[in-house]
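# Notes for the structure review
Okay, here's what each chain looks like letter by letter:
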Amino acid sequence: MGFSRYVEVGRVVFINHGPDAGKIATVIDIVDQNKCLVDGPEEITGVQRQVISYKKVSLTDHKVNIQRNARAKTLKAAWAESDTLAKWEGSSWAKKLEAKKKRASLSDFDRFKVMVAKKQKSRIIAQKIKELRA
């Protein structure tokens, strides 16, 4: 089983650290073996064009078809053409991040309601299993 995600021009990356943490961007150019040039595009993802270390990003499965050092306008058009943002939001990775953010924003009473709902659900499941076995 080999690698399927390579650092390449057009690869969509998830930024893990820094002021843009939690956002996605596109690799525009490879600077050296430790850094790459990324761009959001800013209107869509909020990430400005910047040089970022590979240690601060995670590669996604998504890729946009662009040339090296593409302009922001070209990148935005490529994103629209390949519908990258919708693909990202439909991925299980993005859904997990959204669920994690939602759980973190719950209040104490909301967490209590979730606990009660889980108890009710498990009680109903246990009751149905008991009926099936009898």
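Look up: the structure comes first, before these words.
Predicted model only: the values in this text are computed from it and were never measured. (Residues numbered from 1 in each chain as written. Predicted model: local features only at pLDDT ≥ 70, side-chain atom pairs only at ≥ 80, totals over all residues. Heavy atoms only, no water.)

The next point concerns unusual backbone geometry. Residue Pro41 is bonded to the preceding Gly40 through a cis peptide linkage, with omega at 0 degrees. By the secondary structure assignment, Pro41 is in the loop between β3 (35-39) and α1 (42-45). The backbone of Asn69 sits at a positive phi, close to 60 degrees, despite the residue not being glycine. Tracing the sequence through the fold places Asn69 in the loop between β5 (57-63) and α2 (72-82). (Helix = DSSP H or I, 4+ residues; strand = E, 2+ residues; numbered from the N terminus.)

Quick look at a positive patch on the surface now. On the surface, Lys100, Arg103, Lys118 and Lys121 cluster together to form a positively charged patch. Breaking the positive patch down by element, the ones donating at least two residues are α4 (92-104) and α5 (108-133). For Lys121, the position within the fold is in helix α5. You can call Lys121 exposed: its relative accessible area is 55%. (Patch = residues over 30% accessible without salt bridge, like charges linked within 9 Å, V, L, I, M, F, W, Y side chains within 5 Å. Areas by Shrake-Rupley, 256 points an atom, 1.4 Å probe, with all protein chains shown as cover. Salt bridge = Lys/Arg side-chain N within 4 Å of Asp/Glu carboxyl O. Lys, Arg positive; Asp, Glu negative; His and termini not counted. Charge placed at Lys NZ, Arg CZ, Asp CG, Glu CD. Buried < 20%, exposed > 50% of the residue type's maximum accessible area, 1.4 Å probe, protein only.)

So, on to the layout of surface pockets. The space that makes up the largest pocket amounts to roughly 340 Å³. As for the largest pocket, its lining consists of 15 residues, and the residues nearest its centre are Gly22, Trp88, Leu97, Glu98 and Lys101. Of all the secondary structure elements, the ones that give two or more residues to the lining of the largest pocket are α1, α3 (84-90) and α4. A class-by-class count of the residues in the lining of the largest pocket yields seven nonpolar, two polar and six charged. (1 Å grid on protein atoms, 1.4 Å probe; cavity = no way out; pocket = protein on both sides within 12 Å on 5 of 7 lines; lining within 4 Å. Points joined across faces, edges and corners; volume = space filled by probe spheres on them. Nonpolar A, V, L, I, M, F, W, Y, C, P; charged D, E, K, R; others polar.)

This next bit is on the sheet that holds strand β4 (residues 50-53). Spatial strand order, β4-β3-β2-β1-β5: five strands in an open sheet with antiparallel pairing. Each edge of the open sheet is held by one strand with a lone partner, namely β4 and β5. Recorded for the sheet is a direction-independent mean angle of 50 degrees between the axes of neighbouring strands. As judged from the four bridges shared by β3 and β4, these two strands associate in the antiparallel manner. Looking across to β4, one finds that Leu37 is bridged to Val51. Running over the sheet, α2 touches β1 (11-15), β2 (24-30) and β3 and is turned about 130 degrees from β2. (Pairing = 2+ DSSP bridges. Axes fitted to C-alpha atoms, helices over the stretch in contact; angles between N-to-C directions. Contact = heavy atoms within 4.5 Å.)

Restricting attention to buried positions, one finds in α2 the residues Leu75, Ala78 and Trp79. The arc that holds the buried residues of α2, viewed along the axis, is 100 degrees, so those residues lie on one side. For α2, the exposed residues set more than 90 degrees away from the buried face come down to Lys73, Ala80 and Glu81. Against the buried residues of α2 lie β1, β2, β3, α1 and α3. (Arc of directions from axis to C-beta.)

Everything listed here is a matter of geometry and, on its own, says nothing about what the molecule does.
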